[in-house]
Amino acid sequence: MDDEAGTTNWRHEARCRHEDPDTLFVQGAQQRDVREVCRACPVRTECLAHALDNRIKFGVWGGMTERERRALLKRRPDVVSWSALLEAARRAALRPQQPAPAPGRPARRQVG
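The following paragraphs examine the structure supplied in this document. Only a predicted model underlies this, so the values are computations on that prediction, with no experimental measurement involved.

Concerning the overall build of the chain
Point 1. Scanning the chain for helices and strands turns up five helices and zero strands.
Point 2. Listing each helix as α and each strand as β along the chain from the N terminus yields α-α-α-α-α.
Point 3. For the chain, the proportion of its 112 residues judged to be buried stands at 26%.
Point 4. Long-range pairs, those at least 24 residues apart, make up 48% of the contacts in the chain with a sequence separation of at least 6.
Point 5. Total accessible area on the chain stands at roughly 8,800 Å², and carbon and sulfur atoms take up 53% of it.

Okay, here's the thing in structure tokens:
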């Protein structure tokens, strides 16, 4: 279900929102150049998840070309929701990491 606060709202923040759609839906080697628009986009992950979840076949979405998305979908047919998977990966990447133990000192064990 699309709701304005969630899955559809990301489009308003997309870096390409003012681009001519014809420049984003090119073929072949030109797609590699179009990916540059996505590089600094604040909603790149949401865009990619949308394209993968909806099996969008054409254009550059979330910094991935048609060919790259097809290959990813083929490698990971087990993924039910790309949106959930990518959001979980983002949260994990943003989570503060435990500091590594100092050299020569054993890591502290957690009691639980």
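What follows picks up the thread again.
Some points on the pattern of salt bridges
Point 1. Inspection of every chain in the model, using the stated rule, returns six salt bridges.
Point 2. Of the charged contacts, one joins Glu-36 and Arg-39 as a salt bridge, the two residues approaching to 2.7 Å between their closest N and O atoms. Residue Glu-36 and its partner Arg-39 are both found in helix α2 (residues 30–39); the two are separated by three residues, about one turn of the helix.
Point 3. By relative accessible area, which is 42% here, Glu-36 ends up partly exposed.
Point 4. A salt bridge links Arg-91 to Glu-87; its shortest N-O distance comes to 3.7 Å. Here the residue Arg-91 and the residue Glu-87 both occupy positions in helix α5 (residues 82–94), the gap between them amounting to four residues, near one helical turn.
Point 5. Using a relative accessible area of 48% as the deciding quantity, one classes Arg-91 as partly exposed.

Here's the deal with the packing of helix α3 (residues 44–53) against helix α4 (residues 66–75)
Point 1. At a minimum axis separation of 11 Å, α3 and α4 run at an interaxial angle of 65 degrees. In terms of orientation, α3 lies roughly perpendicular with respect to α4. Of the two possible hands of crossing, α3 and α4 adopt the one that is right-handed. When α3 is examined against α4, the residues Leu-48, Ala-51 and Leu-52 are found in contact with a partner set consisting of Arg-69, Leu-72 and Leu-73.
Point 2. Tallied by class, the residues present in the contact of α3 with α4 amount to five nonpolar, no polar and one charged.

Points about the packing of aromatic side chains
Point 1. One pass over the full model with this rule turns up one aromatic pair.
Point 2. Taking 6.2 Å as the distance between ring centres and 75 degrees as the angle between the ring planes, the aromatic pair formed by Phe-25 and Trp-61 counts as edge-to-face. One end of the pair, Phe-25, is in the loop between α1 (21–24) and α2; the other, Trp-61, is in the loop between α3 and α4, with 36 residues separating them in the sequence.

Rules used throughout
- Within each chain, residues carry numbers counting from 1 in the order of the written sequence.
- Local features in this predicted model are restricted to residues whose pLDDT is 70 or higher, and side-chain atom pairs enter the listing and the counts only when it is 80 or higher, whereas totals over whole chains, interfaces and linings include all residues.
- Side-chain descriptors were evaluated using all non-hydrogen atoms of the structure, hydrogens and water having been removed beforehand.
- Each helix corresponds to a stretch of at least 4 residues labelled H or I by DSSP, and each strand to a stretch of at least 2 residues labelled E; elements are numbered beginning at the N terminus.
- Residue exposure (1.4 Å probe, protein chains only): buried if accessible area is under 20% of the type maximum, exposed if over 50%, otherwise partly exposed.
- Should any heavy atoms of two residues lie within 4.5 Å, those residues are counted as being in contact.
- Calculation of accessible area relied on Shrake-Rupley with a 1.4 Å probe; when residues are assessed, cover is drawn exclusively from the protein chains displayed.
- Between Lys or Arg on one side and Asp or Glu on the other, a salt bridge is scored when a side-chain nitrogen of the former is within 4 Å of a carboxyl oxygen of the latter.
- For helices, the axis comes from a line fit to the C-alpha atoms of the stretch in contact; other axes are also lines fit to C-alpha atoms, and the angle between any two N-to-C directions lies between 0 and 180 degrees.
- Angles are sorted into four bins: roughly parallel if under 35 degrees, roughly antiparallel if over 145, roughly perpendicular if 65 to 115, and oblique for all others.
- Each crossing is labelled by how the near helix is turned from the far one, with a counterclockwise turn of less than a right angle marking it left-handed and a clockwise turn marking it right-handed.
- Basically, the charged four are Asp, Glu, Lys and Arg, the nonpolar ten are Ala, Val, Leu, Ile, Met, Phe, Trp, Tyr, Cys and Pro, and anything else, Gly included, counts as polar.
- Aromatic rings from Phe, Tyr and Trp, with only the six-membered ring used for Trp, were paired whenever their centres fell within 6.5 Å, and each pair was classed as stacked if the ring planes differed by under 30 degrees, edge-to-face if by over 60, and tilted otherwise.

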